[in-house]
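Commentary on secondary and tertiary structure
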Amino acid sequence: MKRRFIAPLAALLFAGTALIPAAEAVAAPVSPLDKLGLVDLQRCILETAAGTRAKKDLEGAFAKGQAQLDKKTKDLQKKAEDLRAKAAMLSQEEVVKRQQELIQKDQELQKLYAELQEDIATKEAQLTEKIYKNVAAIVKDVAAEEGLQLVLVRSQATVLYANPKLDLTNRVIVAYDKKHP
């Protein structure tokens, strides 16, 4: 009869010790949001001094290229209007020749436009990548200082709402401008 009571008693005691939390588990609970931060990368790219300079450089390059395109477009339009006005006075062969020239100039214009778009996109990607890498290093430093476990990219597509206290963007922009004037 003793055995029948001892076995269940031992099982209860053993199970009871498994329910007692270890010393590490008893530590003060940490709110998950205390270890989380958000950074708006788009703002970092646009609002840092380097980002502002890059944006002006891109706008300048685009404006220069656009001016070339506008000049060539006007020239092409003028030649097309000239051909329309003089077509009745020209031989059929001359009309065909000038039409071919206009087609060739239009193709050159389209190629120039595509090259400008590609050039601007490449420059933007290079500048953005450089700023992004620098921002990532600064975010890592800020996260280490704050003891953050996780820093998320804040955007309308990824974060619908967050407590403004979690936003590190202004701090990152200031640190970026100090480190990369």
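Quick note: structure is the one above.
What this report covers is the structure whose coordinates are included nearby. Throughout this description, residue numbers start from 1 for each chain and increase along the sequence as written. The predicted origin of the model limits local features to residues at a pLDDT of at least 70 and limits the giving and counting of side-chain atom pairs to 80 or more, whereas totals for whole chains, interfaces and linings rest on all residues. The side-chain numbers reported here are obtained from all heavy atoms of the structure, hydrogens and water having been left aside.

1. Topic: the overall build of the protein chain
In this description a helix means any DSSP run of H or I spanning at least four residues, a strand means any run of E spanning at least two, and both kinds are numbered starting from the N terminus. When you go through the protein chain residue by residue, the secondary structure sums to 5 helices and 2 strands. Evaluated residue by residue, the protein chain yields a buried proportion of 22% over its 181 residues. Only heavy atoms enter the contact rule, under which two residues are in contact if any of them lie within 4.5 Å. A separation threshold of at least 6 residues defines the contact pool for the protein chain, and within that pool the share at least 24 residues apart is 83%. Entry remark: accessible area of the protein chain is about 13,800 Å², with carbon and sulfur atoms responsible for 59%. We call a residue buried when its accessible area falls under 20% of the maximum for its residue type, exposed when it is over 50%, and partly exposed in between, using a 1.4 Å probe and counting protein chains only. In short, Shrake-Rupley with a 1.4 Å probe defines the accessible areas, and a residue's cover is counted only from the protein chains shown.

2. So, the pairing of strand 1 (residues 36–39)
Residues L36 and L38 point to one face of strand 1 and G37 and V39 to the other, with burial holding for every one of them. DSSP calls a pair of strands paired once it identifies at least 2 bridges connecting them. Pairing analysis gives 4 bridges linking strand 1 to strand 2 (residues 150–153), with the strands arranged parallel. Bridge pairing in strand 2 places G37 opposite V151.

3. Some details on the packing of helix 4 (residues 92–146) against helix 5 (residues 169–179)
The geometry of a pair of packed helices is captured by two quantities: the angle between their axes and the separation between those axes. Relative to each other, helix 4 and helix 5 sit at 115 degrees, their axes nearing to 10 Å. The hand of the helix 4/helix 5 crossing is right-handed. In contact with I131, N134, V135, I138, V139, D141, V142, E145 and E146 of helix 4, helix 5 contributes R171, V172, A175, Y176 and K179. Three classes are used: nonpolar for Ala, Val, Leu, Ile, Met, Phe, Trp, Tyr, Cys and Pro, charged for Asp, Glu, Lys and Arg, and polar for all others, with Gly counted as polar. Of the residues contributing to the contact of helix 4 with helix 5, the split by class is 8 nonpolar, 1 polar and 5 charged. Axes, fitted as lines to C-alpha atoms, cover a helix only where it is in contact. Angles between the N-to-C directions of the axes lie from 0 to 180 degrees. By the definition used in this description, the sense in which the near helix is turned from the far one sets the handedness, with an anticlockwise turn below a right angle giving left-handed and a clockwise turn giving right-handed.

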